[in-house]
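What follows is each chain in one-letter form.
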Amino acid sequence: MSEPAGGAVLGADGLLRCGWGESTDDYRAYHDTEWGRPVHGDDALFERVCLEAFQSGLSWLTILRRREGFRAAFAGFEIARVAEFGEADRERLLADPGIIRNRAKIEAAIANAKVARELDGGLDALIWGFAPAPDRPAPRTLGEVPAVTPESTALAKALKKAGFRFVGPTTAYALMQACGLVDDHLADCHVRTGPQRR
């Protein structure tokens, strides 16, 4: 397997992928079926906001492998339910080995649910309001993929202004990538070039 200058990698199945998407079975499935595909709905986007915040300082693989644990612990990321979490829930979450037991991130998820519940127009409209124009050229190498953009900086500011926590510009850009606001699959990646993308 070779990765020329951070370009697409040929997998054992004969498909070209972004290099990170060929590194583990978990990443391969996530890369091929979820990452970069449009996500809509307040609860679905709330899950992604929470998971990106929990990922801060950790590898995405750590979060991906605990995703079902997070879903169970956070009531399927239903905003209305998480917004009602109280002290007993906080203690339960801090004791749950199926998630990342970081008090500040747990507190942020609950606080963010309260904010999302009260948003005028909803979380979907807020996040998708920062989607850039889709005519950006496809990156050819991983080195061409930014970590932050003007849109992610603006989204982070808007989320913070609304009251969200753990949503800096880098986290906001990772959210934009994961939820399909931007397509950062490499130019030669089969997900970008396949029939499902046309």
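Provided above is the structure to which this section pertains.
The shown structure was predicted, so the numbers you read here are calculated from the model rather than taken from an experiment.

Draft legend 1. Representation of the pattern of salt bridges in the model. Tallying each qualifying case throughout the model produces 19 salt bridges. When the shortest N-O distance is used, the salt bridge between Asp89 and Arg92 registers 3.3 Å. With Asp89 and Arg92 both in helix H6 (residues 87-94) and three residues apart, this pair spans about one turn of that helix. Of the residues examined, Arg92 reaches a relative accessible area of 35% and is grouped as partly exposed. A single network of salt bridges, built from pairs that share partners, joins Asp13, Arg17, Glu22, Asp25, Arg28 and Asp32.

Draft legend 2. Expanded view of helix H10 (residues 169-178). Of all ten residues that make up H10, seven are buried, and the element is covered over most of its length. Buried within H10 are the following residues: Thr171, Ala172, Tyr173, Leu175, Met176, Gln177 and Ala178. Of the surrounding secondary structure, the elements contacted by the buried residues of H10 are helix H1 (25-33), helix H2 (42-55), helix H8 (122-128) and helix H9 (150-162).

Draft legend 3. Quick peek at the environment of Gly6. Along the chain, Gly6 falls in the segment before strand S1 (9-10). Judged by its relative accessible area of 15%, Gly6 falls in the buried class. Excluding its chain neighbours within four sequence positions, the residues that come into contact with Gly6 are Thr141, Leu142 and Leu186.

Scoring rules and cut-offs
Residues numbered from 1 in each chain as written. Predicted model: local features only at pLDDT ≥ 70, side-chain atom pairs only at ≥ 80, totals over all residues. Heavy atoms only, no water. Salt bridge = Lys/Arg side-chain N within 4 Å of Asp/Glu carboxyl O. Helix = DSSP H or I, 4+ residues; strand = E, 2+ residues; numbered from the N terminus. Buried < 20%, exposed > 50% of the residue type's maximum accessible area, 1.4 Å probe, protein only. Contact = heavy atoms within 4.5 Å.

Shape descriptors only; they carry no functional weight alone.
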